[in-house]
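# Structural characterization, general
This is what each chain is made of:
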Amino acid sequence: MSDTMRFLSYEDLDEIQMEFGTPSFVYDEAILRANARAVMNFPNAYGLFARYAMKAAPTAAILRIFNEEGLGIDASSVYEVERAVRAGFGTESISLSTQELADDFTYWAQDGIKINLCSLHQIHKFGKWGKTKRIGLRFNPGKGSGGNNRTNVGGPASSFGIWKDDLKEALSLCQEYNLTVERIHTHIGSGSDPEVWKTVASMTLDLARAFPSVETINLGGGYKVARMPDEKPTDLQEVGSPVCELFKNFASETGRKLKLEIEPGTFLLAHACSLVTRVQDVTSTGPDGYRFLKLDSGMTEILRPSLYGAQHPIHLLCEPGQEKFREPIDQVVVGHCCESGDLLTPAPGDPEALFPRNLPRGEIGDFCVIEGVGAYCSSMSAKNYNSFPEAAEVLRKEDGRLGQIRKRQTFEQIIENEVVP
Ligand SMILES: *Cc1c(COP(=O)(O)O)cnc(C)c1O
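## Points about the domain arrangement of the protein chain
- Segmenting the protein chain into domains produces domain 1 (10-26 + 270-409) and domain 2 (29-269).
- Here the C-alpha centroids of domain 1 and domain 2 sit 32 Å apart.
- Listed by partner, the interface residues are 23 residues for domain 1 and 24 residues for domain 2.
- Applying the counting criterion to the domain 1 and domain 2 interface returns one salt bridge.
- Residue Glu 398 pairs with Arg 33 through a salt bridge whose shortest N-O separation is 3.7 Å.
- Where domain 1 meets domain 2, there are eleven residue pairs in polar contact (both at pLDDT 80 or more).
- For the side of domain 1 that touches domain 2, the elements supplying multiple residues, two or more each, are α11 (304-308), β19 (392-396) and β20 (402-406).
- Across the side of domain 1 that touches domain 2, the residue classes tally to ten nonpolar, six polar and seven charged.

Next comes the structure, spelled out in structure tokens:
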């Protein structure tokens, strides 16, 4: 009400409701492009190539914007590779780091995508195929920096990448299969602390010492953004400058001028999207209980609060002019699924605890806008749970016009693959 939304206005909400319905994800083109430019300005000593980690939000219209801005792609599966190609990316700008190296990787590898092998098994698999020889290796350098165990993707509790102590074995496998390691890749999780980035960059450079053929270091993503006022955002310049120094030191010591790759997802997307929903019911459990606002959305669009206790800004908006009748009170915001975990206001880091949020007293029909939902929301939801259709996606173009980039799923599409024997 008095608090302002990041990029939407009340008039936008009205238009979104009328044109596209709710719930709808609304992406902002100007923010997407500005973020892409910030990423491409990451400090570097001997060249930078920035990739978009498309699992954050893989819709073609978003990919096309980043392609225009000059970003490449970090794909997490062969399906993402295909999606990126269909959205216009050349295979040479795509790299694949996947937990499941599906057999189809061979077609894409022949077509020129870059593959970072992420386990000893993957080295065997790639080596036995043997048609192309230049590869990257993803290591788990033994340290991580996630906000919690679920977003931590480095260290002994993480399965991602070749464990640091298996370096010798990786090396000898590559020799056995005659593979040339041209890239070392690490991706250790969300963080904004320059010291952590420095440590990981130096661990990664140490790995590169063991592979004289390495020309590129890929430091992954994980640049944390501040969705809530008490969170600390990443300053790319602050994080990147010491890393840049390390590359220079490495060069003066070894004569090797390594190129840098980074591949953010969250940083590019998080603030560039808001989820527009409406309050469709209000219930209460009495004076010792809670007042619940039930949205026409929930874990079917945004799962992060239920998974990690993630915090997102929530704006409750009634019709302009009504604000003065709506004193802020503590309320619990829940989704529309028959699932007690479908909770949008959990305690920070504790998805199971109700943590009422102080919001204007909500009533049925109010708009509820959830911000910071560009990354890992639309792409990582409990799609079709309770048979609710997948939400629409809308792009707010640079000139302010709204255009649909993904239609709301139809009922027929929900059941189209079912077969009655
Ligand atoms: C998910 C992922 C990223 C992006 O991570 P963010 O935290 O969204 O920046 C980058 N690289 C790899 C290999 C990933 O799996």
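## Section: the environment of Gly 372
- Looking at the element boundaries, Gly 372 is found in the loop between β18 (367-371) and β19.
- Take Gly 372: its relative accessible area is 4%, and that puts it in the buried class.
- C-alpha separation for the pair Gly 372 and Gln 404, spaced 32 residues apart in sequence, amounts to 19 Å.
- When residues no more than four places from it in sequence are discounted, the contact partners of Gly 372 are Arg 227, Ala 270, Cys 273 and His 312.

## Describing the side chain of Glu 80
- Structurally, Glu 80 is set in helix α4 (residues 78-86).
- No salt bridge is formed by the buried Glu 80. Its closest oppositely charged neighbour is Arg 83, at 6.4 Å.
- With residues up to four places along the chain from it excluded, the contact list for Glu 80 reads Met 54, Lys 55, Asp 74 and Ala 75.

## Some thoughts on the pairing of strand β4 (residues 94-97)
- Burial of the side chains of β4 extends over both faces: Ile 94 and Leu 96 are buried on one face and Ser 95 and Ser 97 on the other.
- Alignment of strand β3 (residues 72-75) against β4, held across three bridges, turns out to be parallel. Within β4, the position partnered with Asp 74 by the bridge is Ser 95.
- Here β4 pairs with strand β5 (residues 114-117) via three bridges, running parallel. For Leu 96, the partnering residue across the bridge sits in β5 and is Ile 115.
- Between the parallel pair β4 and β5, the chain is carried across by helix α5 (residues 105-110), and the sense of this crossover is right-handed.

## Let's talk about the site of the ligand
- The immediate surroundings of the ligand are formed by 13 residues, with Lys 55, Gly 222, Glu 263, Thr 266 and Tyr 376 found nearest.
- For the ligand, an oxygen atom lies 3.0 Å from a polar atom in the backbone of Gly 265.
- Contact between the ligand and Tyr 376: an oxygen atom at 2.5 Å from a side-chain N or O atom of the residue.
- Look at the ligand: alone it shows 390 Å² of surface, and the protein chains cover 92% of it.
- Classifying every residue of the shell around the ligand gives three nonpolar, six polar and four charged.

## Describing the packing of aromatic side chains
- Summed over all chains, the structure comprises nine aromatic pairs.
- On the numbers, 4.7 Å between centres and 65° between planes, the contact of Tyr 52 with Phe 66 is edge-to-face. In this pair, Tyr 52 is assigned in strand β2 (residues 48-53) and Phe 66 in helix α3 (residues 60-69), connecting sequence segments 14 residues apart. Like Phe 66, Tyr 52 is buried.
- An angle of 5° between the planes, with centres 4.6 Å apart, marks the rings of Trp 197 and Tyr 223 as stacked. Of this pair, Trp 197 sits in helix α8 (residues 194-209) while Tyr 223 sits in the loop between β9 (216-218) and α9 (236-254), placing them 26 residues apart in sequence. The same class applies to Trp 197 as to Tyr 223, namely buried.
- Through a chain of ring-to-ring contacts, three or more aromatic side chains come together here, namely Phe 42, Trp 197 and Tyr 223.
- The ring of Phe 367 is capped by Arg 278, whose NZ or CZ atom sits 4.7 Å from the centre of that ring.

## Considerations on helix α6 (residues 120-129)
- Of all the positions in α6, only Leu 120, Gln 122, Ile 123, Phe 126, Gly 127 and Trp 129 are classed as buried.
- The inward-facing, buried residues of α6 contact α5, β5, β6 (134-140), β7 (162-163) and α7 (167-176).
- With its phi angle positive at about 70°, Gly 130 sits one or two positions after the end of α6.

## Regarding empty space enclosed by the protein
- Under the counting rule described, the total for this entry stands at one cavity of 30 Å³ or more.
- There is about 30 Å³ of room inside the largest cavity.

## Thoughts on the side chain of Thr 22
- Position of Thr 22 among the secondary structure elements: in the loop between α1 (10-19) and β1 (24-28).
- A relative accessible area of 18% places Thr 22 in the buried class.

The rules behind each value
Each chain carries its own residue numbering, running from 1 in the direction its sequence is written. Side-chain atom pairs in this predicted model are given and counted only at pLDDT of 80 or more, local residue features only at pLDDT of at least 70, and totals for whole chains, interfaces and linings cover all residues. Where side-chain values are given, they derive from all heavy atoms of the structure, hydrogens and water being excluded. The domain boundaries here were taken from an automatic or database domain assignment. Residues count as neighbours in contact if any of their non-hydrogen atoms are within 4.5 Å of one another. When a carboxyl oxygen of Asp or Glu lies within 4 Å of a side-chain nitrogen of Lys or Arg, that pair is called a salt bridge. Throughout this description, a polar contact denotes any pair of N or O atoms lying within 3.5 Å of each other; where both atoms belong to protein, one of them has to be capable of donating a hydrogen while the other can accept it, and for residues adjacent in sequence the pair is counted only when both atoms sit in side chains. Helix and strand definitions follow DSSP, with helices as H or I runs of at least four residues and strands as E runs of at least two, each counted in order from the N terminus. Residue classes follow a fixed rule: Ala, Val, Leu, Ile, Met, Phe, Trp, Tyr, Cys and Pro count as nonpolar, while Asp, Glu, Lys and Arg count as charged, and any other residue, Gly among them, counts as polar. Working definition: with a 1.4 Å probe on protein chains only, accessible area under 20% of the residue-type maximum means buried, over 50% means exposed, and in between means partly exposed. In this tally Asp and Glu are treated as negative and Lys and Arg as positive; neither His nor the chain ends contributes. Any two strands with at least two DSSP bridges between them are considered paired. The path from the first strand over the helix to the second decides the hand: if it runs clockwise while the strands point away from the viewer, the crossover is right-handed. What makes a residue near a molecule or strand is one non-hydrogen atom of that residue sitting within 4 Å of it. Areas reported as accessible are Shrake-Rupley estimates using a 1.4 Å probe. Residue values count occlusion only from the protein chains shown. Each Phe, Tyr or Trp ring, with Trp reduced to its six-membered ring, pairs with another whose centre is within 6.5 Å; inter-plane angles below 30 degrees give stacked pairs, above 60 give edge-to-face pairs, and intermediate values give tilted ones. Over a ring means this: the NZ of a Lys or the CZ of an Arg is within 6 Å of the ring centre and within 35 degrees of the ring normal. Cavities and pockets were defined on a 1 Å grid built from protein atoms only: a cavity is a group of points that admits a 1.4 Å probe but offers it no way out, a pocket is an open group of points flanked by protein on both sides within 12 Å along at least five of seven lines, and a lining residue is one with an atom within 4 Å of any such point. Grid points are joined across faces, edges and corners, and a volume is the space filled by probe spheres set on the points.

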